[in-house]
Amino acid sequence: MPNFLNGLDTDIRAAIIAQLRNLWTHGSTALEGNSLTLGETAFVIEEGLTVSGKPLKDHEEVVGHARGIDMVYDMVNRMGDITESDLFNLHQAVQTSVIYDVYKPIGHWKKEPNGTYIIDGDKQVFFEYAKPDDVLCLMNKWLDLLNTLIRSCHGRDDALTAYASLHMAFVWIHPFFDGNGRMARLVANVPVLKSGFPPIMIPKQDRRDYLLCLSRYSLNVGSPDSQSTVLPMNEYLIQFREFCNKSWKESLDLVDEAKRIQRERKGLSVV
Ligand SMILES: Nc1ncnc2c1ncn2[C@@H]1O[C@H](COP(=O)(O)OP(=O)(O)O)[C@@H](O)[C@H]1O
Ligand SMILES: [Mg+2]
């Protein structure tokens, strides 16, 4: 288990893990339009019961994301490199649609091109993510970057840089037909957790600023192709790193609170 849990009694430890899981799942799925509240998300995950009148898909999505978090912790606790099949397994957890569609593969790279509209001043421009034929090559470079950053991550600044870089590169490539945002917000945390810190979670209320950061970066560097370096550097990546730094506060505060409760209980300091 990550270092931020060190020195905490079992019950406090279990509570902080659950709190982080609920907030991470709720924040990340709400960013994508999930209608469950934080309380409903926790209820569905913990009780396995449904919330009357809410879409089945929203229930499946939060349960799948919570499973995805467990898989991320497994990657953190395991020795050895993270591989393509780790990402495919995670995608299968996150993408819960039961309808089989050969053009929308679950647990495999996308088969069809995808893109998004970006509003640039007064203009609306179409931005195309990596072409399906370029994804394999780009994602091999992305996995190399992930495994390199995991090995070279030594403190808070390194962990933050690794998270922002991996998150940005993942959504810029957009290797899956869907689920790219939730995947990025999960796997970019592997080096953060491995370095002993709680996960960075993008607050749902900052959705506009978050998408603005990603759009500015994408517009500035253009669409990726197989020749691209996995993460061209520019000022917008630095701005995104700062955005991620602010987003980190929520989980760091939760851990500080857990440590305060532990100190009060024991009447002494914990590391
Ligand atoms: N202009 C952009 N450039 C790069 N990534 C973007 C841009 N706009 C949105 N995104 C990312 O794409 C995600 C949505 O992609 P999608 O595959 O539907 O993921 P999910 O199903 O998890 O929502 C957003 O959450 C965000 O992370
Ligand atoms: Mg989506």
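This text follows the structure it describes.
Residues numbered from 1 in each chain as written. Chains lettered and ligands numbered in written order. Predicted model: local features only at pLDDT ≥ 70, side-chain atom pairs only at ≥ 80, totals over all residues. Heavy atoms only, no water.

## Focus: the overall build of the protein chain
We apply this condition: Each helix is a run of H or I in the DSSP string that is no shorter than four residues. Each strand is a run of E no shorter than two, and both are numbered from the N terminus. Only protein chains enter the accessibility calculation, which uses a 1.4 Å probe; a residue whose area is less than 20% of its type maximum is buried, one above 50% is exposed, and one in between is partly exposed. Under the convention used here, Asp and Glu are negative, Lys and Arg are positive, and both His and the chain ends fall outside the count. To locate a charge, take atom NZ for lysine, CZ for arginine, CG for aspartate or CD for glutamate.
A tally of regular secondary structure across the protein chain gives eleven helices and two strands. N-terminal to C-terminal, the α/β element order of the protein chain is α-α-α-α-β-β-α-α-α-α-α-α-α. Viewed in the frame of its principal axes, the protein chain has a C-alpha envelope of about 60 × 45 × 40 Å. Within the protein chain, the fraction of its 271 residues that count as buried is 49%. One finds the centroid of the 29 positive side-chain charges in the protein chain at a distance of 3 Å from the centroid of its 35 negative side-chain charges.

## Here's the deal with unusual backbone geometry
Excluding glycine, a negative phi dihedral is what most residues carry, and trans is how most peptide bonds are arranged. Although it is not a glycine, His174 adopts a positive phi angle of roughly 55°. Here His174 is to be found in the loop between α6 (156-173) and α7 (180-187). Looking at His174, the relative accessible area reads 14%, which means it is buried.

## As for the site of ligand 1
Cut-off, in case you're wondering: Working definition: residue near molecule or strand if any one of its non-hydrogen atoms lies within 4 Å of it. Whenever a nitrogen or oxygen atom comes within 3.5 Å of another N or O atom, the pair is scored as a polar contact, on the condition that within protein one atom can donate a hydrogen and the other can accept it, and that pairs from neighbouring residues in sequence are kept only if both atoms are in side chains. Computed with a 1.4 Å probe, the accessible areas rest on the Shrake-Rupley method; for each residue, only the protein chains presented here act as cover. Grid spacing is 1 Å over the protein atoms alone, the probe is 1.4 Å, and a cavity is where that probe fits but cannot get out, while a pocket is an open set with protein on both sides within 12 Å along at least five of seven lines and lining residues have an atom within 4 Å of a point. Pocket or cavity membership: a molecule qualifies when more than half of its atoms sit within 2 Å of the grid points of that site. Amino acid classes used here: Ala, Val, Leu, Ile, Met, Phe, Trp, Tyr, Cys and Pro are nonpolar; Asp, Glu, Lys and Arg are charged; the rest, including Gly, are polar.
Neighbouring ligand 1 are 17 residues, the closest being Glu32, Asp178, Arg182, Tyr210 and Ser218. Interatomic distance of 2.8 Å between a side-chain N/O atom of Asn180 and an oxygen atom of ligand 1. Against a free-state accessible area of 570 Å², the protein chains account for coverage of 87% of ligand 1. Assessed atom by atom at 2 Å from the grid points, ligand 1 resides in the largest pocket. Within the residue set of the shell around ligand 1, elements represented by two or more residues are β1 (115-120), α7 and α9 (207-221). Sort the elements by how many residues they give to the shell around ligand 1 and α9 lands first, with five residues. When its residues are assigned to classes, the shell around ligand 1 shows six nonpolar, seven polar and four charged.

## Considering a nonpolar patch on the surface
What counts here: Here the term patch refers to residues with relative accessible area over 30% and no salt bridge, with like charges joined within 9 Å and nonpolar side chains (Val, Leu, Ile, Met, Phe, Trp, Tyr) within 5 Å. The term salt bridge refers to a pairing of a side-chain nitrogen on Lys or Arg with a carboxyl oxygen on Asp or Glu at a separation within 4 Å.
Taken together, the side chains of Tyr100, Val102 and Tyr103 present a nonpolar region at the surface, about 400 Å² in accessible area. For Tyr103, the position within the fold is in the loop between α4 (84-94) and β1.

## Looking at the packing of aromatic side chains
For the record, the criterion: Any two rings among Phe, Tyr and Trp, with Trp reduced to its six-membered ring, count as a pair given centres within 6.5 Å; such a pair is stacked if its planes are under 30 degrees apart, edge-to-face if over 60, and tilted if neither.
As enumerated under the stated definition, the model contains twelve aromatic pairs in all. Summarising the aromatic geometry, the rings of Trp109 and Phe176 are spaced 5.1 Å apart at their centres and angled 40° between planes, so their arrangement reads as tilted. Taken together, the residues span a long stretch of sequence, with Trp109 in the loop between α4 and β1 and Phe176 in the loop between α6 and α7 at a distance of 67 residues. Phe176 shares its class with Trp109; the two are buried. In textbook terms, an aromatic cluster arises when at least three aromatic residues are bridged by ring pairs, as seen for Phe88, Trp109, Trp142, Phe170 and Phe176.

## A word on the side chain of Arg21
Here is the rule: Contact between two residues is taken to exist if any of their heavy atoms lie within 4.5 Å; hydrogens are not considered.
On the secondary structure map, Arg21 appears in helix α1 (residues 10-31). For Arg21, a relative accessible area of 19% corresponds to the buried category. With residues near it in sequence (within four places) discarded, Arg21 still touches Ile45, Glu46, Ala66 and Ile69.

## Here we look at the layout of surface pockets
To be explicit about the condition: Grid points are joined across faces, edges and corners, and a volume is the space filled by probe spheres set on the points.
There is about 990 Å³ of room inside the largest pocket. Along the walls of the largest pocket sit 40 residues, with Glu32, Thr116, Tyr129, His174 and Leu211 positioned nearest its centre. For the lining of the largest pocket, the secondary structure elements donating two or more residues are α3 (56-77), β1, α6, α7 and α9. With ten residues, α9 is the single largest residue contributor to the lining of the largest pocket. Considering only residue class, the lining of the largest pocket consists of 17 nonpolar, twelve polar and eleven charged.

## Observations regarding α4
Along α4, the residues classified as buried are Asp86, Leu87, Phe88, Leu90, His91, Ala93 and Val94. Elements in contact with the buried residues of α4: α3, α5 (132-152) and α7.

## Comments concerning the nonpolar core
How we decide: Put simply, buried Ala, Val, Leu, Ile, Met, Phe, Trp, Tyr and Cys residues joined by side-chain atoms within 4.5 Å make one nonpolar core.
Formed by 72 residues in total, the largest nonpolar core has its most connected members in Trp142 and Phe240. Of all hydrophobic cores here, the second largest spans six residues; its members include Leu36, Val44, Val62 and Ala66.

## Here's the deal with the pairing of β1
Convention followed: Pairs of strands are assigned from DSSP output, requiring at least two bridges between the strands.
The sheet contact formed by β1 and strand β2 (residues 123-128) spans six bridges and is antiparallel. Each bridged residue has a counterpart across the sheet, and for Ile118 the counterpart in β2 is Val125. Where β1 folds back on β2, the antiparallel hairpin that results is connected by two residues, among which Gly121 adopts a positive phi of roughly 65°.

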